[in-house]
Amino acid sequence: MTPVAPGAWLGLLGGGQLGRMFSMAAQSMGYRVVVVDPGGESPAGSVADDHLQADYLDEGALGELARRCSAVTTEFENVPADALRRLADHCTVSPGHQGVAVAQDRIREKRFLVEAGLGTAPFAVIEHESELARIDESLLPGILKIARLGYDGKGQVSVTSREGVLQAFRDMGSKPCVLEKRLKLDLEVSVVVARGFDGATTTFPVAENQHANGILDVSIVPARIPAALAQEARAKAVRVAEALDYRGVLCVEFFVVDGGRLLANEIAPRPHNSGHYSIDACFSSQFEQQARIMCRQPLGDTALNCPVVMVNLLGDLWRDGEPDWSQVLRHPRAKLHLYGKREARPGRKMGHFTVLADSVEEALATATAIKSALSPTPRPAS
Ligand code: ADP
Ligand code: MG
């Protein structure tokens, strides 16, 4: 297959911020982007060259994509795998539906990770209430995670007893779940890996991730872990991409436990929030890699130009109105990214900023200062 040259139309399923940043990267290389998203106004739809407002399985929209585009990608984890399968009859689709289907289902994902030889937290699959009686007590206290459609800590309940598991299972609609032992984490890290149609891979530097309320809050790069552990994480991410015969960009989240043991947590079949730093701090961003892969162009260089810290901007910051962005912009090495979402809700990802510096400590100190300057003042206790 010949590469898709700049000027061509690229199709994108999903209109969120990942699609917005993908569109911008692809457009800067001269590609034109058409987005399919059911919403009227979306972060990606508002920057793309065209927006088809339709459901992901809409015959007309999929037909239009297939006619116009030689390559289609997705930015949305839960895009129906069926849409990808149907498009694949007409154009190049990356990632393929098989890899996406594994990552969409925690049960398949966990079993895949075990088979691929990556350690995971101890877990049990619970598909029916009758299986609860056989649950190993050593998994408690644990976290019951719904197998499908969970994200940002949603679809997860902490459980401490067998009765608690039953209650949580029923509360989540008696749908298939994974019960995972709650581990004491030293650290959380992630690796974004890009794999092309020719099987070539590149990994981005390891990000150290801090979460707040189950949502990514801060990514620190390079992660403050020994070089050998970082190397191991990158090699494991490549192993995941290869075992899935994956074409595109994916992210593997890891837990670091017991002072240096890596356990795989989950796979995201797309660019990842913890890889946003690559836009400002790497030669090629995760979104440029996504565009290069779908167009069968060679992969870009993922080397880090300097230490960087990324901070997510959640809707909570808008409590008292639009935040004062001069608090970010007055720093010459801070970069502001807003996703163009009109409505701020608590927990909603509205944007992020990065701080570039000569050391991780310096980047972290500036990022922390900006974060607190942006935060609404706490309301007095009533
Ligand atoms: P999501 O799809 O919401 O990102 P995750 O499985 O990654 O779901 O869980 C979100 C966060 O919850 C993790 O980043 C981690 O901080 C915490 N967490 C999840 N599983 C465990 C576990 N087994 N032990 C300790 N903390 C966990
Ligand atoms: Mg996660």
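Everything numeric here is computed off the predicted structure, so don't read it as measured data.

**Quick look at the environment of E362**
Then, number 1: Here E362 lies in helix α11 (residues 360-374).
Then, number 2: Judged by its relative accessible area of 40%, E362 falls in the partly exposed class.
Then, number 3: With 55 residues separating them in the primary sequence, E362 and P307 have C-alpha atoms 8.9 Å apart.

**Observations concerning helix α6 (residues 162-171)**
Then, number 1: Residues V165, A168 and F169 constitute the buried set of α6. Around the axis of α6, the buried residues are gathered within 100° of arc, so they sit on the same side. Away from its buried face by more than 90 degrees, α6 exposes E163 and D171.
Then, number 2: Taken together, the buried residues of α6 touch β6 (123-126), β7 (142-146), β8 (156-159) and β9 (177-181).
Then, number 3: Positive backbone phi, approximately 90°, marks G173, located one or two places after α6.

**Details of the domain arrangement of the chain**
Then, number 1: Along its sequence, the chain is carved into domain 1 (9-93), domain 2 (122-181) and domain 3 (187-374).
Then, number 2: Between the C-alpha centres of domain 1 and domain 3 the distance comes to 23 Å.
Then, number 3: At the surface where domain 1 touches domain 3, the tally comes to one salt bridge.
Then, number 4: For R342, the salt bridge identified is with E41, shortest N-O distance 3.2 Å.
Then, number 5: Along the contact surface separating domain 1 from domain 3 lie six residue pairs in polar contact (both at pLDDT 80 or more).
Then, number 6: When contributions to the side of domain 1 that touches domain 3 are tallied by element, the ones reaching two or more residues are β1 (9-13), α1 (17-28), β4 (71-74) and β5 (92-93).
Then, number 7: Here the element with the most residues in the side of domain 1 that touches domain 3 is α1; it accounts for seven residues.

**Quick word on the coordination of the magnesium ion (ligand 2)**
Then, number 1: Looking at the magnesium ion (ligand 2), the protein donor atoms are E253 (OE), E253 (OE) and E266 (OE), and they sit 2.0 to 2.7 Å from it. Taken together, the positions of E253 in strand β14 (residues 248-257) and E266 in strand β15 (residues 261-268) put the pair 13 residues apart, joining distant regions of the chain.
Then, number 2: Taking relative accessible area as the criterion, E253 reaches 13% and is therefore assigned buried.

**A look at the pattern of salt bridges**
Proximity of charged atoms lets side chains of opposite charge pair with each other.
Then, number 1: For the coordinates displayed, the defined rule picks out 23 salt bridges.
Then, number 2: The residue E64 makes a salt bridge to R68 at a minimum N-O spacing of 3.0 Å. Placement of the pair is E64 and R68 together in helix α2 (residues 59-68), with a separation of four residues, close to one helical turn.
Then, number 3: R68 sits in the partly exposed class, given a relative accessible area of 23%.

**Remarks on the packing of aromatic side chains**
Then, number 1: If you walk through the whole model with that rule in mind, you get two aromatic pairs.
Then, number 2: An angle of 35° between the planes, with centres 5.5 Å apart, marks the rings of Y56 and F76 as tilted. You can see Y56 sitting in the loop between β3 (50-53) and α2 and its partner F76 sitting in the loop between β4 and α3 (81-87), a full 20 residues away along the chain.
Then, number 3: Judged by relative accessible area, which is 10%, Y56 ranks as buried.
Then, number 4: Residue class for F76 comes out partly exposed when judged on its relative accessible area of 32%.
Then, number 5: Sitting over the face of the ring of W9, R68 holds its NZ or CZ atom 4.5 Å from the ring centroid.
Then, number 6: In this arrangement the basic side chain of R296 is found over the ring face of F197, its NZ or CZ atom lying 4.1 Å from the centre.

**Description of the environment of C91**
Then, number 1: By the element assignment, C91 lies in the loop between α3 and β5.
Then, number 2: Linking C91 and Q290, residues 199 residues apart in sequence, is a C-alpha distance of 16 Å.
Then, number 3: Leaving out residues up to four positions away in the same chain, C91 has contacts with A66, C69, S70, A71 and V72.

**Brief notes about the sheet that holds β8**
Then, number 1: Ordered by their spatial adjacency, four strands build an open sheet running β6-β9-β7-β8, and the pairing between neighbours is antiparallel. For this open sheet the edge positions go to β6 and β8, each flanked by a neighbour on one side alone. Between one strand and the next, the sheet's axes are offset by a mean angle of 20°, whatever the strand orientation.
Then, number 2: In this sheet, β9 lies alongside β7 in antiparallel orientation, the contact comprising five bridges. In the sheet register, I146 faces β9, and the bridge partner there is C177.
Then, number 3: Each of β6, β7, β8 and β9 touches helix α5 (residues 106-115); the most contacted strand, β9, lies at about 50° to it.
Then, number 4: Packing of α6 onto the sheet brings it into contact with β6, β7, β8 and β9, and relative to β8 it is tilted by some 165°.

**A word on the nonpolar core**
Then, number 1: Of all hydrophobic cores here, the largest spans 28 residues; its most connected members are F112, V189, V206, V240, L250 and F254.
Then, number 2: At the level of secondary structure, the elements contributing two or more residues to this core comprise α4 (97-103), α5, β10 (187-195), α7 (227-243), β14 and β15.
Then, number 3: Looking at this core, the element that brings in the most residues is α7, giving seven residues.
Then, number 4: Ignoring any residue separated from it by four or fewer positions in sequence, one finds F112 in contact with V102, V240, A243, L244 and I267.

Reading the values: the criteria
- Residues numbered from 1 in each chain as written.
- Chains lettered and ligands numbered in written order.
- Predicted model: local features only at pLDDT ≥ 70, side-chain atom pairs only at ≥ 80, totals over all residues.
- Heavy atoms only, no water.
- Helix = DSSP H or I, 4+ residues; strand = E, 2+ residues; numbered from the N terminus.
- Buried < 20%, exposed > 50% of the residue type's maximum accessible area, 1.4 Å probe, protein only.
- Arc of directions from axis to C-beta.
- Contact = heavy atoms within 4.5 Å.
- Domains from an automatic or database assignment.
- Salt bridge = Lys/Arg side-chain N within 4 Å of Asp/Glu carboxyl O.
- Polar contact = N/O pair within 3.5 Å; in protein donor to acceptor, adjacent residues only side chain to side chain.
- Donors = N, O, S within 2.8 Å, 3.2 Å for Na, K, Ca; no water.
- Phe/Tyr/Trp six-rings, centres within 6.5 Å; stacked < 30°, edge-to-face > 60°.
- Lys NZ or Arg CZ within 6 Å of the ring centre and 35° of its normal.
- Pairing = 2+ DSSP bridges.
- Axes fitted to C-alpha atoms, helices over the stretch in contact; angles between N-to-C directions.
- Core = buried A, V, L, I, M, F, W, Y, C linked by side-chain atoms within 4.5 Å.

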